[in-house]
Structure formats: C-alpha cells, structure tokens
Amino acid sequence: MTPPVTGLSDSLATESTPTLAKSGGCGCDSSTTVEVDERLKERIAKHPCYSEEAHHHYARMHVAVAPACNIQCNYCNRKYDCANESRPGVVSELLTPEEAAHKVLVIAGKIPQMTVLGVAGPGDPLANPEKTFRTFELIADKAPDIKLCLSTNGLMLPEYIDRIKQLNIDHVTITLNTVDPEIGAQIYSWVHYNRRRYRGVEGAKILLEKQLEGLQALREADILCKVNSVMIPGINDQHLVEVNKVIRENGAFLHNIMPLISAPEHGTHFGLTGQRGPTQKELKSVQDQCAGNMKMMRHCRQCRADAVGLLGEDRSQEFTKDKFLEMAPEYDFDKRQEVHEGIEKFREELQAAREKVTAGKTQTANNPKILVAIATKGGGLVNQHFGHAKEFQIYEVDGTEVRFISHRKVDHYCQGGYGEAATFDNIVKTIADCKAVLISKIGESPKEKLLQAGIQAVEAYDVIEKVALEFYEQWNKG
C-alpha cells in the first residue's frame, strides 16, 4: 500500500460522524437520517479541521487580511510581523484581499491537497468585514473547489449571517470560552460594540448574547459550526462541561477544547500575570468528560493566522509576500481533482487494512488502556525517524481499539550534536506517560536511553493500528 505522490505527508485517524440536528426536532424516518448523515460526511470529508480523518491528507491555509479586533482577550497579543511564534493572532505580514487571492491561487497549484481557505485574523474577520468578504469573493470566483472558512469571536456574527450564507461559507468557528458572564469578566479585558467599550460582566454579557444568537443563526442557515474554547485552569476549566452542553443544544457541530498558551514572552495578560495552562492530563480529562455529548476535536494545532500546509506543519515561510507575488498562479481544477482522487483511493486502501487488523477482535472490559507515541509524516503509517519528528501523535490502545487522543510538539532530536542532550530530555518528559514510541528508525543510543526511562522503542513501517495492536499484545503478555 503506497501513499499517493502529493508533495505533502498524508495520514489518517478513524472517526465517526454524527448527524447534525435541526432546530425544532427532525421528525425524519431512518432513511432520511442516513441521507443527512452521508451529506454531512461529504461536507467535512476534505476539511482538515472538521474531520480528524481528513487532517492528515488535506491541507489548509489562512490569509491575514483582518488586523483589527473588537474584543481584547487576556490570552491574546496580536503580532503582525513575527515569524517565530506558532500561535493564533500571529502573522509575518498583512495582506490586501487582492494579494491574499493571488497567494491562494499560487498555493492551490503548488499544494493541490489544499482544500480549505480560512480567514482567522490576526484580529477578528468580522471586525474587518470589507477586507474579509472581498477576499472570499475573489477566491470563490476563481477557485470554486476550495472551501471557505471563517473564524470569529462571534460578536458581529448575527449582523453578517446573511452575507456569510450568500458567499457559501459553509464552515464557521466561534471562540466561546464561557456561558457565564462572571467568568467572562475574568477572560476578556473589554468588548467594543456599537461604538462603545464595555468592561467586566457587562461586556462579557453582550459578547455571550451575540455568540449564542450567532450560533443559532448558523444552525438555521445550515452552516456547520465549530466552537473553540480555551481551557484556563482555575477560571473556566470546571465550567467547560456546561459550555459543551449549551453549545450542543444551540446547534454546534464540533467542540474544540484548546489549552491556554501563556508563555510570558508572548506578552499576553495571562502570560505576564503567571496564569498557567493546563497539563496534558487535565486537558484530556475535560475533553473526555465532554466527548459523550458531542464530537470533540482533538487534533487542533492552534494555528497561526497565516498558516499554510497540513495541520502540524507550517509552510508559510515558503510563501512570504516577496516570494508569492513573483509566482504565477498555477491553479488547475482538473489536476487538483486528480490528486484528490488519488488520496481518496489511498484512504480506501488504508481503511481496508485497518479493518483487516481489527477483524475478529472483541472488546474486553478488563483490558487496561495504555498510551503510545507515534512518529508519522503521513499516510496513517508509522513512517518517521525518531530524530526527525517535530511532534508525536498520541494514541490510546486497549487491545481492540486504537484511538487518537492528542499531539505533542517536540524539538528535532537530530541537530548535529548541538543541544541533543537537553532536547532528548524534553522529548522523554513529553512522552513520559507512554509505554512505547513507534517509529520507522532510531539509533541505538537514544533507543537505550528511552528504555532506561521506561519507554520501549518499536521500529516499524506499517499501518499505525497494526503496529500499536501488535505492541499492545506483546506488552500485555509481558
């Protein structure tokens, strides 16, 4: 089974897709429900943010056309000329709508797996409506196969819902961190609405009202909505289960609970006041509590507002303004479709391989669950050298099921000798709760050091599920 030649890494994680409920109850027979379910699968099949399965196969890009913002979050500090930080609100350079459209057409040719164009900042797209919608107009006209995406704090969403629908923007993300204005007052410094600046509970209440109104309007317009919630220990961490319940009742399709990024060097209020982010264990616990209510997104990389490529990789520095403006657009609809067909064929082969691996295995309630770390550069395969990994994907294994739960960033171990000892120690700390790391290749020295830390290195080049289940069987015997 050979991955398609695409120029990007591809990989896959199995998922199920729930039916999107309409307001007022569905009243459908089972055949209609199946039809709706299949339509939903088609809508998210090539969207790397809305589909865990697609995110290793298809790429996305963000264009930075929206600098202004109408709220100030205590976890945000926007930077417009920064190439060194990987977090929301950061870009290397701002673009005009015309420059952004040119960049999209260039990249659509260079990276034919790029299926989604998003406007996510560095401010709020709906605080910059002219630039945002002009960008979408230009792209929709010239590249009709690219999905259009919008990320917003939701304050102005009700005002622009008709425009969003008119432009066939099918996916909208709202960042909604609380459904309690008292908690909101601890998260937002101010909210600017109708030419007035509101602070404290008053501002948080206005924001929440508009967010919920916008969420309901998206449901009525049949636009898929993902809700992002930043998990802030001691402020909203215990409250996110309630947030999950409310957004589900109001029609959200997907919930993404993200860890607070609060390094002091980022210059955010929380960073400068010592507010910590959640541990991996704390984050997983809250995600697990919410998972029974609706579909959870666990593969988010908290992308920059000018990110390009697969989730987990950022090729934005290959396409800076001085470079892409000199490139002629190479958008070719037929060529792109040919690449997509190759990806879909490979996904079918991969799914068949997975089913073969799990055939005949029965669930055993007493089987312990363990974590394993995977080094992969795509294709749903264990296929990356230990020293080349920039992140490890973490899977939970119980002997019958292999379930993706998170990703963890690390620095390259292979750095020509410089800083390798410190880097290795950080890698061990990052995957310390894993029983094994599954990689295509590893040197004898790091392999022995991992074993001393209680982590077994397993070398293989095969389907992730197969390697993980084989390791589990060996581990469980031993």
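Since this is a predicted model, take the numbers as computed values, not measurements. (Residues numbered from 1 in each chain as written. Predicted model: local features only at pLDDT ≥ 70, side-chain atom pairs only at ≥ 80, totals over all residues. Heavy atoms only, no water.)

J.: Which parts of the structure should I look at to understand the overall build of the chain?
T.: Within the chain, the secondary structure is distributed over 14 helices and 17 strands. Put simply, the chain has 478 residues, and 55% of those count as buried. For the chain, restricting intrachain contacts to residue pairs at least 6 apart in sequence, the fraction spanning at least 24 positions comes to 73%. With the model as given, the accessible surface of the chain reaches about 20700 Å², and the carbon-plus-sulfur share is 48%. (Helix = DSSP H or I, 4+ residues; strand = E, 2+ residues; numbered from the N terminus. Buried < 20%, exposed > 50% of the residue type's maximum accessible area, 1.4 Å probe, protein only. Contact = heavy atoms within 4.5 Å. Areas by Shrake-Rupley, 256 points an atom, 1.4 Å probe, with all protein chains shown as cover.)

J.: Is there a simple way to think about the environment of K142 in this case?
T.: Structurally, K142 can be placed in helix α3 (residues 129-142). Residues K142 and V104 lie 38 residues apart in sequence; the distance between their C-alpha atoms is 9.8 Å. Contact partners of K142, with chain neighbours within four places excluded, come to L105 and Y331.

J.: Can you help me understand the pattern of salt bridges in this one?
T.: Side chains that carry opposite charge are capable of pairing whenever their charged atoms lie near each other. Throughout the structure, instances matching the rule amount to 30 salt bridges. For K441, the salt bridge is made with E459, and the minimal N-O distance between the two is 4.0 Å. Taken together, the positions of K441 in the loop between β15 (436-439) and α13 (444-452) and E459 in strand β16 (residues 456-459) put the pair 18 residues apart, joining distant regions of the chain. Residue classification places K441 among the partly exposed residues on the basis of a relative accessible area of 49%. Between K466 and E470 there is a salt bridge, with its nearest N and O atoms 2.8 Å apart. A residue pair is termed a helical-turn pair when its members lie 3 or 4 positions apart in one helix, as K466 and E470 do in helix α14 (residues 464-477) at 4 residues. The class of E470 is partly exposed, set by a relative accessible area of 45%. Residues joined by salt bridges that share partners form a network here, namely K284, D288, R298, E396 and R403. (Salt bridge = Lys/Arg side-chain N within 4 Å of Asp/Glu carboxyl O.)

J.: Any chance you could explain the packing of helix α2 (residues 97-110) against α3 here in plain terms?
T.: When two helices pack together, their arrangement is given by the angle between the helix axes and by the axis-to-axis distance. Packing of α2 against α3 brings their axes to within 9 Å, and their N-to-C directions diverge by 35°. Handedness of the crossing formed by α2 with α3: right-handed. On α3, the residues that touch P97, E98, A100, A101, V104 and L105 of α2 are K131, R134, T135, L138, I139 and K142. (Axes fitted to C-alpha atoms, helices over the stretch in contact; angles between N-to-C directions. Left-handed = near helix turned anticlockwise from the far one by under 90°.)

J.: When you look at the packing of aromatic side chains in this model, what are you seeing that I'm missing?
T.: Two aromatic rings, taken as a pair, are described by how far apart their centres are and by the angle between their planes. Per the counting criterion, the structure on display carries 6 aromatic pairs. When the ring of Y50 is compared with that of F253, the centres are 6.2 Å apart and the planes differ by 15°; the resulting orientation is stacked. With a gap of 203 residues between them, Y50 in the loop between α1 (30-44) and β1 (59-62) and F253 in the loop between α7 (240-249) and β9 (254-259) connect regions that are remote in the sequence. The pair formed by Y50 and F253 is uniform in burial state, with each residue classed as buried. For the pair F133 and Y160, a centre-to-centre distance of 5.7 Å together with 50° between the ring planes defines the contact as tilted. Separated by 27 residues along the polypeptide, F133 in helix α3 and Y160 in helix α4 (residues 157-166) bring together distant segments of the chain. Each member of the pair, F133 together with Y160, is buried. Note that K449 overlies the ring of F424, its terminal NZ or CZ placed 5.7 Å from the centroid. (Phe/Tyr/Trp six-rings, centres within 6.5 Å; stacked < 30°, edge-to-face > 60°. Lys NZ or Arg CZ within 6 Å of the ring centre and 35° of its normal.)

J.: How do you make sense of the nonpolar core when you look at a structure like this?
T.: Nonpolar side chains in soluble globular proteins tend to be buried together. If you look at the biggest cluster of nonpolar residues, it comprises 89 residues, and the most contacted ones within it are M114, L117, F136, I169 and V172. Sort the elements by how many residues they give to this core and helix α6 (residues 200-220) lands first, with 7 residues. If near-sequence neighbours (up to four positions away) are discounted, M114 is found in contact with A59, R60, M61, V104, I107, A108, I146 and R336. Judged by nonpolar contacts, the second largest core, of 20 residues, contains V410, V428, I431 and L450. (Core = buried A, V, L, I, M, F, W, Y, C linked by side-chain atoms within 4.5 Å.)

J.: Can you walk me through helix α11 (residues 333-358) in this structure?
T.: Working note: α-helix, 3.6 residues per turn, so residues spaced by three or four point in the same direction. The end-to-end C-alpha distance of α11 is 37 Å, a good match for the 38 Å that 26 residues give at a rise of 1.5 Å each. Buried within α11 are the following residues: R336, V339, H340, I343, F346, R347, L350, R354 and V357. On its buried side, α11 packs onto α2, β3 (114-119), β12 (381-382), β17 (462-463) and α14. Immediately beyond the C-terminal end of α11, within one or two residues, lies G360, with a positive phi of roughly 85°. (Expected span 1.5 Å × (residues − 1).)

J.: For this particular structure, what's the right way to read the sheet that holds strand β7 (residues 196-198)?
T.: Hydrogen bonds along the backbone pair up the strands of a sheet, which may run parallel or antiparallel. Overall, antiparallel pairing links the 3 strands, which are arranged β2-β6-β7 in an open sheet. Because the sheet does not close on itself, it has two edges, and the strands there are β2 (71-73) and β7. Put simply, the sheet's adjacent strands are angled 20° from each other on average, direction ignored. Taken together, the 3 bridges between β2 and strand β6 (residues 188-193) define a ladder with antiparallel strand orientation. The residue bridging C73 from the neighbouring strand is Y188, located in β6. Strands β2, β6 and β7 of the sheet are contacted by α6, whose axis makes an angle of about 60° with β6. (Pairing = 2+ DSSP bridges.)

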